[in-house]
Structures are given as C-alpha cells and as structure tokens.
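# Descriptive analysis of the structure
Residue strings, one per chain:
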Amino acid sequence: MLNYILAGFGLNPTQYIVEPFGSGLINHTYKVSGNGKQYILQQVNTQVFKAPADIVCNLKQLQDYFNQTHPSYLFVAPLPTLKGDTLMQSPLGNIYRLFPFVEGSHTVDVIGDEKQAFEAAKQFGKFTALLKDFDASRLKYTLPDFHNLNLRYQQFIAACENADSLRQKQASAEIEQAHEFEHIVQVYNQLIADQAIPLRVIHHDTKISNVLFDDEQNGLCVIDPDTIMPGYYLSDVGDMMRTYLSPANEEETDLEQVYIRPEIFSAICHGYLSEMGSILIPAELKNFNFSGQMMIYMQALRFLTDFLNNDSYYGAKYEGHNLKRARNQFKLLSEYAKASSNFEQLVK
Ligand code: GN1
Ligand code: MG
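Just so it is clear, the structure is predicted and the values come from calculations on it, not from any experiment. (Residues numbered from 1 in each chain as written. Chains lettered and ligands numbered in written order. Predicted model: local features only at pLDDT ≥ 70, side-chain atom pairs only at ≥ 80, totals over all residues.)

With that settled, the discussion passes to the overall build of the protein. Helix and strand counts for the protein stand at 12 helices and nine strands. For 348 residues, the compact-globule estimate of 2.2 N^0.38 gives 20 Å, and the protein sits close to it at 20 Å. For the protein, the spread of C-alpha atoms along the principal axes amounts to about 55 × 50 × 35 Å. Sequence-distant contacts, at least 24 apart, represent 74% of the contacts inside the protein between residues at least 6 apart. (Helix = DSSP H or I, 4+ residues; strand = E, 2+ residues; numbered from the N terminus. Rg over C-alpha atoms; globule rule 2.2 N^0.38 Å. Contact = placed C-beta atoms within 7 Å.)

Quick look at the structure:
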C-alpha cells in the first residue's frame, strides 16, 4: 500500500525504506529513507481530521504568506504529488501526505534542560509573532472547538453519565478530582465572554516533540501543522507548561516522577516572550499563568473522558491506559496549582 503512495509522490518504492517514526497519538507517521534522501510520510487520521482539504488550504495560505513576507523562515509544508496535490489517497481511501525531512534535525520527547525549553518556546512564539499581521480569520478551523474548555467539560459530564458502571467505578477518584478543579472552566468562560483576548494564528500542539532542533540544541522550526488555526495564545503557552515542566511525560505511571521544575517555567516565559512580549496585550499577559491550568486540566479531562468512552479517541496500549494518563495529568495539575503563586511573581 505504501508503495502505491510513494510512487504517487514520484519516489521509486524499491529505492526507499519506510519505518514507523515519532510518538504522535493521532496520525500514523513514517520516515522514508533512500536514494540519499529522507522524507516524513504521514497517514492523516480522517476520523479526527474530517476535512483534510481544510488543512491543505490553511498551509497553502501560510506558505504563500511566509514566502512573501519572511522567505527565510523555515515552514515545513507538505510536498506535491506527481499530479500537484499535497494529499494522496490510497485505493482503500486512506489519505497520506509527504513532508521534507529537515536535514540535520532531531526531535526530543522530554525536555532535558532550560535551553531546550527556551528554544522550543521561542520557536512557537516566533511562529505566531511572524503571523501577527496575517488575518487569522482567513484560516479554517481544522478541528472546530478543539480547545474549547467548556465543551470538553460538557463532554466529560456526558461521558460520566453514559459510561458503563465498571469504568465509572474505576475512575471515581479522578472524576472527583475533575470536579474539584471545575473553577478553571468558570475562569475560561469568563475570559471568552469578556472577549478580552484576541484570536491569533495558533499552533495548538506545542509539545516538545513538535519542535525540530539542530545538533547544538538550537530550535530550528515547528512541525505538525494540522491544528494551526485561529485560537488563543493560552493554548500554545499552556500546552508547553503541560508538556515541558515535568521531567516525566503524560505516559509516566509512577506519579513521584511527575513534578514541576520552576526553572523550566522561567525558560518558557523568556523563550516565548522573547518573540511575543511586545505583541501580547495586557489582558493576554495577565493570563499567562492561567494558560497552564487551562491546558493541563483540559488534557486531564480529555484522557478521562476517553477512558469513560471506552478509549474510542486515543486508543489504549494497555487496560486502563487513558485512566493512568488522566491520573498523571491531575497530579501535574495539583503540582502546578501549588507552584502558581511563585509563577505569578516570575511572569511579572
Ligand atoms: C494528540 O497526535 P498528537 O500526539 O500530535 C492530540 C493533542 C493532545 C496529545 C496528547 C488532534 O496529539 O491535542 O494534546 O495527543 N491531538 C489531537 O499527547 O487530538
Ligand atoms: Mg499533533
């Protein structure tokens, strides 16, 4: 099957090796190497991304904009097939696209030191900063309501009601925790109702594995562009808090390993604000710290909801996987809440 796809992109399948690549949960990703060249091939999960053509449309607009305004910016856009499209359909109806592999780059899965956090935050900040004059409303919502915390909360409530009794019982402690942190939804709803913060071009998946680094650990660019759409900067900064602050990631089941590294918080602030500091308005800056609460809570709810829904979104590699992930995120959220007053000082 992949041979058919490679050929569609003009690559002779006999000359290339295709291997699974990366740690993404939604799309299937492969590295294609041979003939002295390397590419990233991805099967788009069309259960999640129901309109892949919308992604194409967004990326085309951004690529054109960067070409005109910042031609040296490294924007990793999909390559054309022999027919000139950037999506390729297999006979089974699966959708693929091919990206260039950025030579000399690598990704990391967990932040090792402050420099990596600074560099990653700077890259995500730079992306939104360079697009400050691009009208975000021109972009399509590739996942409508993706980071709508109110909706995620409603989905959690519905899942509690519909889950089978065994899963409800297994998750009772986490369901209780979800209720304990409900006030985060109220703060979010107030922010949205006040319309105090503007929509910008936001990446929406700022985990560390979505940044390419060079051998000196300098950030090169951001990747995984499917969720680039209009949004609030809170999403990007908050997801960095969620995925950079702890030395262990969301898969860790030993909760002792899940704690906050304040020096990484500082590095995120400095890195992101080195690009966005003069662009963010006071109402946005005021909620810098809240962004972490919002995104950690949202991910905890999403994992918990998925467990209650029989793992239909994220899938599960072992029994109780999404419950364990939710537990991990609630631990992170508690630690974050404890550190919050110090963080307020740091942001100031
Ligand atoms: C998913 O597929 P991946 O790993 O890039 C998810 C993110 C979550 C993340 C949790 C489209 O991202 O929102 O934060 O898993 N993406 C989608 O690891 O749901
Ligand atoms: Mg992603």
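Still more to cover.
A few words on the UniProt feature "domain: Protein kinase" (unreviewed entry) in the protein. As annotated in UniProt, the feature "domain: Protein kinase" (unreviewed entry) corresponds to residues 15-348 in the numbering used here. What you have in residues 15-348 is 46% helix and 12% strand, and the ends, taken at the C-alpha atoms, are 55 Å apart. (UniProt positions renumbered as here; feature names shortened; annotations may be inferred.)

Turning to the sheet that holds strand 4 (residues 88-89), a few remarks are in order. One open sheet holds the five strands; their spatial order is 1-2-3-5-4, and the pairing between them is antiparallel. Whereas interior strands pair on both sides, the edge strands pair on one side only; in this sheet they are strand 1 (17-20) and strand 4. Note that strand 2 (residues 28-34) and strand 3 (residues 37-44) share seven bridges and pair antiparallel. Counterpart to Lys31 in the pairing with strand 3 is Ile40. (Pairing = 2+ DSSP bridges.)

To continue, consider the packing of helix 3 (residues 114-130) against helix 9 (residues 262-276). The N-to-C vectors of helix 3 and helix 9 enclose an angle of 30°; their axes lie 7 Å apart at closest approach. One finds that helix 3 runs roughly parallel with respect to helix 9. The interaxial crossing formed by helix 3 with helix 9 has right-handed handedness. Residues Glu114, Ala117, Phe118, Glu119, Ala120, Ala121, Lys122, Phe124, Gly125, Lys126, Thr128 and Ala129 of helix 3 touch helix 9, and the partners they reach there are Glu263, Ile264, Ala267, Ile268, His270, Gly271, Tyr272, Ser274, Glu275 and Met276. Taken together, the residues of the contact of helix 3 with helix 9 sort by class into 11 nonpolar, five polar and six charged. (Axes fitted to C-alpha atoms, helices over the stretch in contact; angles between N-to-C directions. Parallel < 35°, antiparallel > 145°, perpendicular 65-115°, else oblique. Left-handed = near helix turned anticlockwise from the far one by under 90°. Nonpolar A, V, L, I, M, F, W, Y, C, P; charged D, E, K, R; others polar.)

A separate point is the environment of Glu252. With respect to the helices and strands, Glu252 occurs in the loop between helix 8 (233-244) and helix 9. A tally of 19 C-beta atoms within 10 Å means that Glu252 is categorised as partly exposed. Residues Glu252 and Gln116, spaced 136 residues apart in sequence, show a C-alpha to C-alpha distance of 20 Å. Among residues more than four places away in sequence, those in contact with Glu252 are Gln257, Val258 and Asn328. (Buried ≥ 20, exposed ≤ 12 C-beta atoms within 10 Å, placed from the backbone.)

This part covers the site of ligand 1. The local shell around ligand 1 consists of Gly24, Leu25, Ile26, Val48, Asp205, Asp224, Thr227, Glu250 and Gln299. Across the shell around ligand 1, the residue classes break down as three nonpolar, three polar and three charged. (Near = placed C-beta within 6 Å.)

For strand 7 (residues 211-213) and strand 8 (residues 219-222), the ladder comprises three bridges, and the chain directions are antiparallel. Directly across from Val211, in strand 8, lies its bridge partner Val222. Here strand 7 hands over to strand 8 after five residues, with Gln217 in that stretch at a positive phi of 65°.

A positive phi angle, close to 65°, is found at Asp224, a residue other than glycine. By the C-beta count within 10 Å, which is 23 here, Asp224 ends up buried.

Our focus in this paragraph is the packing of helix 9 against helix 12 (residues 321-347). Two elements in contact, helix 9 and helix 12, have axes whose closest approach is 11 Å; the angle formed by their N-to-C orientations is 35°. For helix 9 against helix 12, the interelement crossing comes out right-handed. Counted together, Pro262, Phe265, Ser266 and Cys269 of helix 9 and Ala339, Asn342, Phe343, Leu346 and Val347 of helix 12 form the full contact between these two elements. By residue class, the composition of the contact of helix 9 with helix 12 is seven nonpolar, two polar and no charged.

Further remarks concern helix 2 (residues 52-69). In a regular helix each residue adds 1.5 Å, so 18 residues correspond to 26 Å; helix 2 covers 26 Å between its end C-alpha atoms and thus fits that length. Those residues of helix 2 that fall on the buried side of the exposure criterion are Ile55, Asn58, Leu59 and Leu62. Mapping the buried residues of helix 2 onto a view down its axis gives an arc of 95°, with all of them on the same face. Facing away from the buried surface of helix 2 by more than 90 degrees, the exposed residues are Asp64, Asn67 and Gln68. (Expected span 1.5 Å × (residues − 1). Arc of directions from axis to C-beta.)

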